[in-house]
Amino acid sequence: MGVPKRRQSHSRKNKRRAEWRKIDKPGLVECPQCHELKMPHRACIVCGYYKGKDVM
């Protein structure tokens, strides 16, 4: 297992930790059943359909 040779500085550590906030949010898509916005590859919260099937 690799072990760091030197300690990382505070600024380098903080830059790495702050990077996750800059990630883009996933886009929303329109549900083909009810035409509401939903997350892609997820069941619709409003109507409960996914890929044309009632799953909820």
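Residues numbered from 1 in each chain as written. Predicted model: local features only at pLDDT ≥ 70, side-chain atom pairs only at ≥ 80, totals over all residues. Heavy atoms only, no water.

Draft legend 1. Here's a closer look at the overall build of the chain. In terms of helices and strands, the chain carries one helix and four strands. Listed by position from the N terminus, the elements making up the chain come as α-β-β-β-β. At 21 Å, the chain has a C-alpha radius of gyration far larger than the 10 Å of a compact globule built from 56 residues. Taken along the three principal axes of its C-alpha coordinates, the chain extends 55 × 25 × 10 Å. Looking at the chain residue by residue over its 56 residues, the buried ones come to 7%. Of the accessible surface of the chain, which amounts to about 5800 Å², a share of 54% is contributed by carbon and sulfur atoms. The positive charge centre, built from 15 side chains, and the negative charge centre, built from 5, are 22 Å apart in the chain. (Helix = DSSP H or I, 4+ residues; strand = E, 2+ residues; numbered from the N terminus. Rg over C-alpha atoms; globule rule 2.2 N^0.38 Å. Buried < 20%, exposed > 50% of the residue type's maximum accessible area, 1.4 Å probe, protein only. Areas by Shrake-Rupley, 256 points an atom, 1.4 Å probe, with all protein chains shown as cover. Lys, Arg positive; Asp, Glu negative; His and termini not counted. Charge placed at Lys NZ, Arg CZ, Asp CG, Glu CD.)

Draft legend 2. Structural context of a nonpolar patch on the surface. Where nonpolar side chains cluster on the molecular surface, the patch consists of Leu28, Leu37 and Met39 and spans about 300 Å² of accessible area. Here methionine 39 shows up in the loop between β2 (37–38) and β3 (49–50). The class for methionine 39 is partly exposed, based on a relative accessible area of 34%. (Patch = residues over 30% accessible without salt bridge, like charges linked within 9 Å, V, L, I, M, F, W, Y side chains within 5 Å. Salt bridge = Lys/Arg side-chain N within 4 Å of Asp/Glu carboxyl O.)

Draft legend 3. Looking closely at the environment of glutamate 30. Within the fold, glutamate 30 resides in strand β1 (residues 29–30). Put simply, glutamate 30 and glycine 2 are 28 residues apart on the chain and 46 Å apart in space, counted from C-alpha to C-alpha. Aside from chain neighbours lying at most four places away, what touches glutamate 30 is His35, Glu36 and Leu37. In this structure the side chain of glutamate 30 is engaged in a polar contact, spanning 2.8 Å, whose partner is the side chain of histidine 35. (Contact = heavy atoms within 4.5 Å. Polar contact = N/O pair within 3.5 Å; in protein donor to acceptor, adjacent residues only side chain to side chain.)

Draft legend 4. Quick peek at the environment of glutamine 8. Following the sequence through the fold, glutamine 8 ends up in the segment before α1 (10–18). Look at glutamine 8 and you get partly exposed, because its relative accessible area is 41%. The spacing of glutamine 8 and lysine 38 is 30 residues in sequence and 41 Å in space, taken between C-alpha atoms. A distance of 2.7 Å separates the side chain of glutamine 8 from the side chain of arginine 16, its partner in a polar contact.

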